[in-house]
Amino acid sequence: MGGAIGTLAFRLVLLFSVIFCGFFAYKVKIIDEHTSMQMTDYLNRVAIPVFLITSVGTKPILDGSINLVYCGLIMAAYYLIAFGGVYTICKLSGKDRAKRAVYTCMSVIPNCAFVGLPMVRLLLGEQAVPYVGIMMTAFNIVFFTIGMQMFNKDDKFHFKSLLTPMNISTVIMLVLLLCNIQLNEYVYTFLSQITAIVSPMCLMIIGINIARTPIQQGLKRPIIWVLSILKLLIFPVAVQLAIMPFNFPSDMKMALLIGIACPGSTMACVIANQNNMEPELASQSVAHSTLFSIITMPLLIILFQSLYGLI
């Protein structure tokens, strides 16, 4: 057990050392705001979509499809209960539209793409990546429908907002998995060269986001702490307790833990800034939850791996 914990600790140190590299590079001006935006755009449009497709691998994934369905259903239930619950409480307590949107998104929606994906890949392996793809699709569906509607002042929903490279690649991934189609070894090798940069670049962007957002004021705001506690501790633990009695694969349970325990969504922060709906609150919340996830995520991973008998 001690060796397993040591291996896990070493992998977590690797993850957070890359986050620090991003933090340091921004602070000393090796990377600026424009470069950070270009890195994010490349990940969203090219590297992560290709990476999701390569996750089907070159060998069959036994019984993988049914577990992906279960994962999707769990995420649907999570969003339905958590998203609906927080929004209802905010509305009953008289919060205005901007606060309702920020409170709900920052306490419920996780940053699966830039935090969950590299952590699942490193800690659980390539076979667990499809679960992250399902979680990212659930995020896209919820955020680009309900979430955007909350932030959108003109009350209009645009179907094209769902046609993102990540959603399209997830559909391709699901078709390949459900039809039991694997990638040719040479195709897989070629695509893997494109995706090799995904994990380190995602982690560096997290460090950049922490470096460029002042959180001193956020530390003094009780609501920021409440949102982070809900996002980083209450909701991920609640989901794990709910699925614990079921005989789901351990890598699926841990992928769900990591995915839901991620810090608040940077996409929600961007939309809040674009629409001038509590932009400072959204930025402080993302930075606060990202910073403290460095503490909470390893603790939760070690706790539930122990409970599941994995270490």
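An account of the accompanying structure is given in this report. (Residues numbered from 1 in each chain as written. Predicted model: local features only at pLDDT ≥ 70, side-chain atom pairs only at ≥ 80, totals over all residues. Heavy atoms only, no water.)

**Let's talk about the packing of helix α2 (residues 33-54) against helix α9 (residues 198-212)**
- One way to put it is that α2 packs onto α9 with a least axis distance of 10 Å and a crossing angle of 145°. Crossing of α2 over α9 shows left-handed handedness. Of the residues in α9, those touching α2 at E33, S36, M39, T40, Y42, L43, A47, I48 and F51 are V198, M201, C202, M204, I205, I208 and R212.
- Here the contact of α2 with α9 is built from residues that sort into 12 nonpolar, two polar and two charged. (Axes fitted to C-alpha atoms, helices over the stretch in contact; angles between N-to-C directions. Helix = DSSP H or I, 4+ residues; strand = E, 2+ residues; numbered from the N terminus. Left-handed = near helix turned anticlockwise from the far one by under 90°. Contact = heavy atoms within 4.5 Å. Nonpolar A, V, L, I, M, F, W, Y, C, P; charged D, E, K, R; others polar.)

**Describing empty space enclosed by the protein**
- According to the stated counting rule, one finds one cavity of 30 Å³ or more in the structure shown.
- Taken as a whole, the largest cavity spans an internal volume of roughly 60 Å³.
- Lining the largest cavity are L15, F16, I19, V115, M119, L203, I206, T290, S293 and I294.
- Each residue belonging to the lining of the largest cavity can be placed in one class, and the counts come to eight nonpolar, two polar and no charged. (1 Å grid on protein atoms, 1.4 Å probe; cavity = no way out; pocket = protein on both sides within 12 Å on 5 of 7 lines; lining within 4 Å. Points joined across faces, edges and corners; volume = space filled by probe spheres on them.)

**Details of the pattern of salt bridges**
- This model, assessed by the stated rule, comprises two salt bridges.
- With a shortest N-O distance of 2.7 Å, R45 and D41 are connected by a salt bridge. Of this pair, R45 and D41 both sit in helix α2, separated by four residues, roughly a single helical turn.
- In this structure R45 comes out as exposed when scored by relative accessible area, which is 55%. (Salt bridge = Lys/Arg side-chain N within 4 Å of Asp/Glu carboxyl O. Buried < 20%, exposed > 50% of the residue type's maximum accessible area, 1.4 Å probe, protein only.)

**Describing unusual backbone geometry**
- Residue K29 is not a glycine yet carries a positive backbone phi of 70°.
- By the element assignment, K29 lies in the loop between α1 (2-27) and α2.
- The exposure class of K29 is exposed, given its relative accessible area of 72%.

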